[in-house]
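# Geometric and topological summary
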Amino acid sequence: MRFSHRCGVLGSAIAVFGAWCAGIAPASAQSPPTDPRSKGASCPENDSGLKLPAGFCATIFADGVGHARHLVVAPDGVVYVNTWSGRYYGNDKPHEGGFLVALKDNTGAGKADSNQRFGETVASGGAGGTGIGLYKGALFAEINDKIVRYALPAGSLVPQGPAVPVVTGLPLGGDHPMHPFAIDGGGSLYVDVATATNACQQQNRTPKSPGINPCTELETRGGIWRYDAAKTNQTFSPGERFATGIRNAEGFAIDGAGHMFVTQHGRDQLRTNWPELYKPDEEATLPAEELLLLKKAGDYGWPECYFDGIQGKLVLAPEYGGDGGKNVGPCAAKSPPIAAFPAHWAPNAMALYDKQQFPARYRHGVFIAFHGSWNRAPYPQGGYNVVFQALVGPRGRTRRRALRLR
């Protein structure tokens, strides 16, 4: 897995695949962006193999770190990465060191010349994780079924003390055992507890298997839970559920006003499981991936509903009486996304951009990294890119700009 050097401070990681630095001054109406490939422009060696818009550069900051999921950058420039066990993909042996990685560029060359691992290992029973974050000088990370906190002494690349449990007993197993999270300015810790199944069927991912009604899985999965980042040894329970009906919220972002945004992985196998209701190409084109504005007690529809990006609305899932996209039923009362993206791109991470370094069209929005999906037949696999999503556009509408990384 490769990810690249960032110029300037963006506040949090953009993606596990890459971060970008502008080789230009902030754009203005009088001074258009300068292509760094032009004569006289300064740009680091572009060894990433990524396709980038004019004015952006990328270098490989670190390689061979394992299956990087999420990362965060400390004020002193140290990049902390949470990695997942290679067995999750079935094509790599887990690293013998800890699943958490600390990387630092000590020379300003755009390369990590310090690389240290820490945290749980395979030998200690670890399987890696996704979520990672910083709050009040401490590093928070997901490890197996818990969120832990590490103290970061000044001048130290890696924590010196043991991990302190913040939340324990998070559900594991099933289709989505990860627990991405975010911490807001008030210290609330929001944790994604994704679903164990694709669509809460009586038999998961089985043709024509009906949905469990009501979906009991929603008692402990399929939503966002809220805890206190300042407390320790909190135990997972249904009572801390903040929002529901979210199949898999990998990416989090919080803006300056405190609004929280999460990404949503749309469900799979509409055509495979319900061939009489969907055309062959609709396996690849439905449903849309989503960007949600998270609200307390919000219900975003899973498993009863999915978002049809072509029609631009939530519709009833076939497991719950849907007819292939015509019937809306109870989905009219669910919260729709504020933006939608092509099906099965699989949004993995998200970062708010509120700085001034990039041109104006890239400000006041989020960068979303998509890791691509397997469920796009009969079309080729797709979604290996990064999208910039403006949070405020003309007439209050969202707008989308894709940065395709291949």
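Since we're looking at a predicted model, the values are computed, not measured.

## Quick notes on the overall build of the protein
Along the backbone of the protein there are two helices and 27 strands. Across the 406 residues of the protein, 54% fall into the buried class. Considering only contacts within the protein whose residues lie at least 6 apart along the sequence, 55% involve residues at least 24 apart. With the model as given, the accessible surface of the protein reaches about 16900 Å², and the carbon-plus-sulfur share is 51%.

## Regarding the sheet that holds strand 12 (residues 164-168)
Pairing in this open sheet of five strands is mixed, and the strands run 9-10-11-12-16 from one edge to the other. Two strands lie at the open edges of the sheet, namely strand 9 (132-135) and strand 16 (234-235), each paired on one side alone. In this sheet, strand 12 lies alongside strand 11 (residues 146-151) in antiparallel orientation, the contact comprising three bridges. Following the sheet pairing, isoleucine 147 is matched in strand 12 by valine 167.

## Concerning the sheet that holds strand 20 (residues 289-294)
The pairing of strands in a sheet comes from backbone hydrogen bonds and takes either a parallel or an antiparallel form. Strand order in the open sheet formed by four strands is 18-19-20-23, and the pairing between neighbours is antiparallel. A single partner strand is all that each edge strand has here, and the edge strands are strand 18 (252-254) and strand 23 (339-341). Taken over all neighbouring pairs, the strand axes of this sheet differ in orientation by 20 degrees on average, direction set aside. Taken together, the five bridges between strand 19 (residues 260-264) and strand 20 define a ladder with antiparallel strand orientation. In the sheet register, valine 262 faces strand 20, and the bridge partner there is leucine 292.

## A closer look at the pattern of salt bridges
Enumeration over the complete set of coordinates arrives at eight salt bridges. Note that aspartate 175 and arginine 205 form a salt bridge whose closest N and O atoms lie 3.0 Å from each other. Separated by 30 residues along the polypeptide, aspartate 175 in the loop between strand 12 and strand 13 (181-183) and arginine 205 in the loop between strand 14 (188-193) and strand 15 (223-228) bring together distant segments of the chain. The class of aspartate 175 is partly exposed, set by a relative accessible area of 22%. The partly exposed category is assigned to arginine 205, whose relative accessible area is 24%. The partner of aspartate 299 in a salt bridge is lysine 334, and the shortest N-O contact between them spans 2.9 Å. Taken together, the residues span a long stretch of sequence, with aspartate 299 in the loop between strand 20 and strand 21 (305-308) and lysine 334 in the loop between strand 22 (313-316) and strand 23 at a distance of 35 residues. In this structure, a network of salt bridges that share partners links the residues Asp175, Arg205, Arg247 and Asp268.

## What about the nonpolar core?
Judged by nonpolar contacts, the single largest core of 18 residues is most densely connected at Cys215, Tyr278, Tyr306 and Tyr320. Those elements that provide at least two residues to this core are strand 21 and strand 22. What tyrosine 320 contacts, discounting residues up to four positions off in sequence, is Ala199, Cys200, Gly211, Ile212, Asn213, Cys215, Pro303 and Glu304.

## Focus: the state of the cysteines
This model, assessed by the stated rule, comprises two disulfides. Residue pairing for cysteine 200: its cysteine sulfur links by disulfide to cysteine 215, the two sulfurs lying 2.1 Å apart. Looking along the S-S bond of the cysteine 200-cysteine 215 disulfide, the torsion reads about 100 degrees, which is the right-handed sense. Taken together, the residues span a long stretch of sequence, with cysteine 200 in the loop between strand 14 and strand 15 and cysteine 215 in the loop between strand 14 and strand 15 at a distance of 15 residues. A relative accessible area of 1% means that cysteine 200 is categorised as buried.

Conventions used here
Residues numbered from 1 in each chain as written. Predicted model: local features only at pLDDT ≥ 70, side-chain atom pairs only at ≥ 80, totals over all residues. Heavy atoms only, no water. Helix = DSSP H or I, 4+ residues; strand = E, 2+ residues; numbered from the N terminus. Buried < 20%, exposed > 50% of the residue type's maximum accessible area, 1.4 Å probe, protein only. Contact = heavy atoms within 4.5 Å. Areas by Shrake-Rupley, 256 points an atom, 1.4 Å probe, with all protein chains shown as cover. Pairing = 2+ DSSP bridges. Axes fitted to C-alpha atoms, helices over the stretch in contact; angles between N-to-C directions. Salt bridge = Lys/Arg side-chain N within 4 Å of Asp/Glu carboxyl O. Core = buried A, V, L, I, M, F, W, Y, C linked by side-chain atoms within 4.5 Å. Disulfide = S-S within 2.5 Å.

Such coordinate-based values are descriptive only and should not be taken to indicate function.
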